[in-house]
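Report on the structure
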Amino acid sequence: METPICDFLQHYQSTGITRFHMPGHKGHAFLGCEPWDLTEVSGADSLYEAEGIIARSEENATMLFSSGRTVFSTEGSSQCIRAMLYLALTNRPEGTAPVIVAARNVHKAFVYAAALLDFEVVWLWPEGKSQSLCGCPISAESLEQTLNSLPVPPAAVYLTSPDYLGGIADIAGLSEVCHRHGTILAVDNAHGAYLHFLSPSRHPLNLGADICCDSAHKTLPVLTGGAYLHLSRNAPAAMRENAKAAMALFGSTSPSYLVLASLDRCNRYLSEDYPRRLKEAADSIRSARQALIENGWQVTDSDPLRITICAGAGQTGTELANLLRTNSMECEYADPEFLVLMLTPENQMADLDRLVSVLGKNTAGMRAAQSLPLADGKQLVSVRKALFSPHEVIPAKDALGRICGAPTVACPPAIPIAVSGERIEEAAMELFAHYGIETVDVLK
């Protein structure tokens, strides 16, 4: 497959042209990558008005993902999340409300989008007992009940799938409910760009989602910040036509050409033998999961490129992460309950044997299932008003009854315990303590 962005950058740096333009390094190698780092010079195209090499590369990505339209982001899925919510709200059918129905385990970028776009949120809560802030499993039946309870359809239903622990939503069943109620399904698929290349595909677009974002850099060989905004072939035509304008609204006018080149080169990578290598990696990871289970570890169901281990009795996921660090291994995420490892075909699969060996036998036994009810504080002011009002940071132990200002949460997992504008209740206080949150941003 052609790589028009990479080819242009390679040619440009090889000509020795005098650069009377930005960036200030002028192509001289300070880190080593500068010769390829350009701005919108003649022939380089412009990301948000793409007609040349960027447009051709995005067309290649559209074909690879079998989408109605795929566009690039150099600012991660956070930019895509804002854009897809904007598209859902501004292109919603007549008779729908400026409301987003969302599973509670959203990334904080969703909360910031709610402030910028000033929409109302109706939360979907996990069924049964939640064991993690990261998870929010939603059934088609519970979504049906929520949509039936609303006076008019929302602009969109919004899900995170896979979630940070690797849980995958029933996209096919949930999308069917959405479409029956005259609304669209938007999916934060930041952790699942590779899902399209499984056989059969498990990508949200192929299962009925109308719009979604993928963080290419999370699971594909793309530089940090590289992401896709995908619109399905069944998405409203106006959403596909306005995708670039939506991205421009939230993106820098100086996108990174290094990231664009990385996305462009990834097109060729995906078009070659990636599906075969992906299957081999998934098979190896499945075998490693089984070996861990045989050693007494509880391994949760997750997407194919992730291993999520529940810490044993009397242990924490953080302690397991420290054990790996002493053996020159770094995890993706750890908290009191879980250790999360993300892999790709670029990992050495032999390292899985070392992982199993280092963790050894779980002699502590299984941890008792713990209920962690998510905090459902009453919304006293809108998300927008809360985020644009004066704030102060106070000790978390003093936050009971106060109104949440900005979400106080680290990344990973960047999932708010309390959402801006909500009153902080006992459940939130328990979660602050459980996850080691020491300070909270509240309204003055």
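Above this text sits the structure in question.
I will try to describe carefully the structure that is included in this document. Here the residue index of a chain counts from 1 through its sequence in written order. Per-residue local features of the predicted model are confined to residues with pLDDT of at least 70, and side-chain atom pairs are confined, for both listing and counting, to 80 or more; whole-chain, interface and lining totals are unaffected and use all residues. Just so you know, side-chain values use all the structure's heavy atoms and leave hydrogens and water out.

On to the overall build of the protein chain, then. Numbering of helices and strands runs from the N terminus; a helix is a DSSP stretch of H or I covering at least four residues, while a strand is a stretch of E covering at least two. Within the protein chain one finds 16 helices and 13 strands. Just to be clear, the radius of gyration here is over C-alpha atoms, and the globule rule we use is 2.2 Å times residues to the power 0.38. Its C-alpha atoms give the protein chain a radius of gyration of 22 Å, within 12% of the compact-globule value 22 Å for 444 residues. Categorising residues by exposure relies on relative accessible area from a 1.4 Å probe, with only protein chains included: less than 20% of the type maximum marks a residue as buried, more than 50% marks it as exposed, and the intermediate range marks it as partly exposed. Expressed as a percentage of its 444 residues, the buried residues of the protein chain come to 56%. Any two residues having at least one pair of non-hydrogen atoms within 4.5 Å are treated as being in contact. Once local pairs closer than 6 in sequence are excluded, the contacts in the protein chain between residues at least 24 apart make up 71%. Residue burial considers only the protein chains on display, and all accessible areas are found by Shrake-Rupley using a 1.4 Å probe. Total accessible area on the protein chain stands at roughly 18,700 Å², and carbon and sulfur atoms take up 51% of it. Distance between charge centres in the protein chain, computed from 34 positive and 49 negative side chains, equals 1 Å. Counting rule applied: Lys, Arg positive; Asp, Glu negative; His and chain ends not counted. A charge is said to be at NZ when it belongs to Lys, at CZ for Arg, at CG for Asp and at CD for Glu.

Glancing now at unusual backbone geometry. Looking along the chain, the bond that leaves Met22 and enters Pro23 is cis, with omega of -5 degrees. Turning to its location among the elements, Pro23 is positioned in the loop between helix H1 (4-14) and helix H2 (53-64). With an omega of 0 degrees, the peptide bond running from Ser161 to Pro162 counts as cis. With respect to the helices and strands, the residue Pro162 is situated in the loop between strand S4 (154-160) and helix H6 (171-180). Positive phi values are uncommon outside glycine, yet Asp118 reaches one of about 55 degrees. Note on placement: Asp118 falls in the loop between helix H4 (108-117) and strand S3 (120-124). For Asp118, a relative accessible area of 46% puts it in the partly exposed group.

Centres within 6.5 Å are what make two rings of Phe, Tyr or Trp a pair, Trp counting through its six-membered ring; a difference in plane orientation under 30 degrees is then read as stacked, over 60 as edge-to-face, and the rest as tilted. For the coordinates displayed, the defined rule picks out eleven aromatic pairs. When the centroid spacing of 5.9 Å and the interplanar angle of 55 degrees are considered together, the rings of Phe110 and Trp123 count as tilted. Of this pair, Phe110 sits in helix H4 while Trp123 sits in strand S3, and the two are 13 residues apart along the sequence. Judged on exposure class, the residue Phe110 and its partner Trp123 are both buried. The structure contains a cluster of three or more aromatic residues connected by ring pairs, namely Phe65, Phe72, Phe197, Tyr228, Tyr269 and Tyr274. Comment: the charge-over-ring label is applied if NZ (Lys) or CZ (Arg) is within 6 Å of the ring centre and within 35 degrees of the ring normal. Against the face of Trp123 rests Arg104, its NZ or CZ located 4.8 Å from the ring centre. A cation over an aromatic ring shows up here: Arg384 above the ring of Phe388, its NZ or CZ 5.1 Å from the ring centre.

The topology assignment puts Leu231 in strand S7 (residues 227-231). Accessibility expressed as a relative area gives 0% for Leu231, which makes it buried. As a C-alpha pair, Leu231 and Thr62 span 169 residues in sequence and 9.2 Å in three-dimensional space. Those residues in contact with Leu231 that sit more than four places away from it in its chain are Ser67, Gly68, Arg69, Leu87, Leu205, Asp210, Ile211, Met239, Arg240 and Ala243.

As a further point, take the pattern of salt bridges. Salt bridge, as used here: a side-chain nitrogen of Lys or Arg that lies within 4 Å of a carboxyl oxygen of Asp or Glu. The full count for this structure, using the stated rule, is 16 salt bridges. With a closest N to O distance of 2.9 Å, Lys279 and Asp283 form a salt bridge. With Lys279 and Asp283 both in helix H12 (residues 274-294), this residue pair falls four residues apart, about one helical turn. Classification of Lys279 by relative accessible area gives exposed; the value is 53%. Because the salt bridges share partners, they merge into one network encompassing Glu144, Glu176 and Arg180.

The seven strands are arranged S1-S7-S6-S5-S4-S2-S3 in an open sheet whose pairing can be described as mixed. Looking at which strands have only one partner, the edges of the open sheet turn out to be strand S1 (69-73) and S3. Within the sheet, the average angular offset between the axes of one strand and its neighbour, ignoring direction, is 20 degrees. A strand pair is defined by DSSP finding two or more bridges across the two strands. Bridge count between S1 and S7: five bridges; the pairing is antiparallel. Considered in S7, the bridge of Ser73 is made with Ala227. Along the sheet, helix H10 (residues 243-250) contacts S1 and S7; its crossing angle with S1, the most-contacted strand, is approximately 15 degrees. Taken strand by strand, helix H11 (residues 257-271) contacts S1 and S7, and its axis lies near 135 degrees from that of S1. Axis lines are fitted through C-alpha atoms, for helices just across the contact stretch, and the angle between N-to-C directions can take any value from 0 to 180 degrees.

We now examine the pairing of strand S5 (residues 184-188). Judged by how many residues are buried, S5 sits mostly within the fold: five of five residues are covered. Residues Ile184, Ala186 and Asp188 line one face of S5 and the alternating positions Leu185 and Val187 line the opposite face, and both faces are buried. Taken together, the five bridges between S4 and S5 define a ladder with parallel strand orientation. Counted as the bridge partner of Ala156 is Ile184 from S5. Clockwise travel from the first strand over the helix to the second, with the strands pointing away from the viewer, marks a crossover as right-handed. Of the crossover connections in this fold, the one passing from S4 over H6 to the parallel S5 is right-handed. Both S5 and strand S6 (residues 211-214) contribute to a ladder of three bridges, which runs parallel. Bridged to Ala186 within S6 is Ile211.

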